[in-house]
Amino acid sequence: MNKPSSTAMAVERLRNLIFKGELPPGSDHLETELAAQLGLSRTPVREALLVLESQGLVDVRPRKGVRIRPISPKDMAEIYDVLTELESLAARRAAEAGHDAEALAPLARSIDNMDRALASEDREAWASADDQFHMELVRLGQNARIASIVQMMADQVRRARQVTLYMRDPPLQSNDDHRRVLDAIASGAPDKAAQLHRAHRDAAKATLIALLETHQLKQL
């Protein structure tokens, strides 16, 4: 097995620090500081930061260091608008494709995992299973360009959700929404699948934006 490069290691470790909140939104850092924290030289850290900038997680500012990009309600609203369109199209295409039960099994399994996570009050496990559902939905839509764009935005959604994960009520409705989308896909109902997924994403967007706006006000 090939050993990961220093740059790949730096990308993964910096991402973890950002998602855990150890590099908080809006905070400023020097390359030398981050390199020392990771125990790596500046070159792979600099290359990793450029990767993270392309993913929308940081801003690299020449001679001014690095800023961890804040989680803006406006940015998240725009991202959700794009994701809603693309994932709803993926749901439509998945329903049109006539997938059998075996092909839909990973999607069904992700919903079961979400149910178990909520039953055990494990929000982190729920978030992981929710990620899996959306990844599987896009995969079943069989459009590589949709998958590429969604993946590019997924990290920003995941980070915003991590901030608000314990602020919201238990996401029982989200699990129900996912199961209805799966049923529509399995029954070959493209219009219904797209409509249900759009309504789900619209509701998720409204919840997230409201929480982000409230959270930001509390920080003032």
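Residues numbered from 1 in each chain as written. Predicted model: local features only at pLDDT ≥ 70, side-chain atom pairs only at ≥ 80, totals over all residues. Heavy atoms only, no water.

Considerations on helix 5 (residues 101-119)
Part 1: An ideal rise of 1.5 Å per residue puts 27 Å on 19 residues; helix 5 measures up with 25 Å between its terminal C-alpha atoms.
Part 2: The largest bend along helix 5 measures about 30° and falls at Leu-107.
Part 3: The set of residues buried in helix 5 consists of Leu-104, Pro-106, Leu-107, Ser-110, Ile-111, Met-114, Ala-117 and Leu-118.
Part 4: Each element contacted by the buried residues of helix 5 is listed here: helix 6 (123-141) and helix 8 (172-186). (Helix = DSSP H or I, 4+ residues; strand = E, 2+ residues; numbered from the N terminus. Expected span 1.5 Å × (residues − 1). Bend = angle between axes of the 7 residues up to and from the residue. Buried < 20%, exposed > 50% of the residue type's maximum accessible area, 1.4 Å probe, protein only. Contact = heavy atoms within 4.5 Å.)

Quick word on the nonpolar core
Burial of nonpolar side chains together is a common tendency in soluble globular proteins.
Part 1: Ranked by size, the top nonpolar core spans 18 residues in total, and within it Leu-14, Ile-18, Leu-23, Leu-38, Val-45, Leu-52 and Val-58 carry the most contacts.
Part 2: Breaking this core down by element, the ones donating at least two residues are helix 1 (6-19), helix 2 (31-38), helix 3 (42-54) and strand 3 (65-68).
Part 3: Tallying contributions element by element places helix 1 first for this core, with 5 residues.
Part 4: Setting aside its immediate chain neighbours within four residues, Val-45 contacts Ala-10, Glu-31, Leu-34, Ala-35, Leu-38 and Leu-40. (Core = buried A, V, L, I, M, F, W, Y, C linked by side-chain atoms within 4.5 Å.)

Quick look at helix 3
Part 1: Its 13 residues give helix 3 an end-to-end C-alpha distance of 19 Å, which sits within 8% of 18 Å, the value for a rise of 1.5 Å per residue.
Part 2: What helix 3 keeps buried is the set Pro-44, Val-45, Ala-48, Leu-49 and Leu-52. Viewed along the axis of helix 3, the buried residues span an arc of 140°, placing them on a single side of the element.
Part 3: Looking at the packing, one finds that the buried side of helix 3 touches helix 1, helix 2, strand 2 (58-61) and strand 3.
Part 4: With its phi angle positive at about 80°, Gly-56 sits one or two positions after the end of helix 3. (Arc of directions from axis to C-beta.)

Concerning the domain arrangement of the chain
Part 1: Domain boundaries in the chain define domain 1 (6-68) and domain 2 (73-214).
Part 2: Relative to domain 2, the C-alpha centre of domain 1 lies at a distance of 28 Å.
Part 3: Of the residues lining the interface, 9 residues belong to domain 1; the matching set on domain 2 comes to 6 residues.
Part 4: At the boundary of domain 1 with domain 2, total buried surface from both sides reaches about 660 Å², with 53% on carbon and sulfur atoms.
Part 5: At the junction of domain 1 and domain 2, the tally comes to 0 salt bridges.
Part 6: On the surface where domain 1 and domain 2 come into contact, there are 0 residue pairs in polar contact (both at pLDDT 80 or more).
Part 7: When residues in the side of domain 1 that touches domain 2 are grouped by element, the largest group, 3 residues, is from helix 1.
Part 8: Taken together, the residues of the side of domain 1 that touches domain 2 sort by class into 5 nonpolar, 3 polar and 1 charged. (Domains from an automatic or database assignment. Buried area = accessible area lost by both parts, 1.4 Å probe. Salt bridge = Lys/Arg side-chain N within 4 Å of Asp/Glu carboxyl O. Polar contact = N/O pair within 3.5 Å; in protein donor to acceptor, adjacent residues only side chain to side chain. Nonpolar A, V, L, I, M, F, W, Y, C, P; charged D, E, K, R; others polar.)

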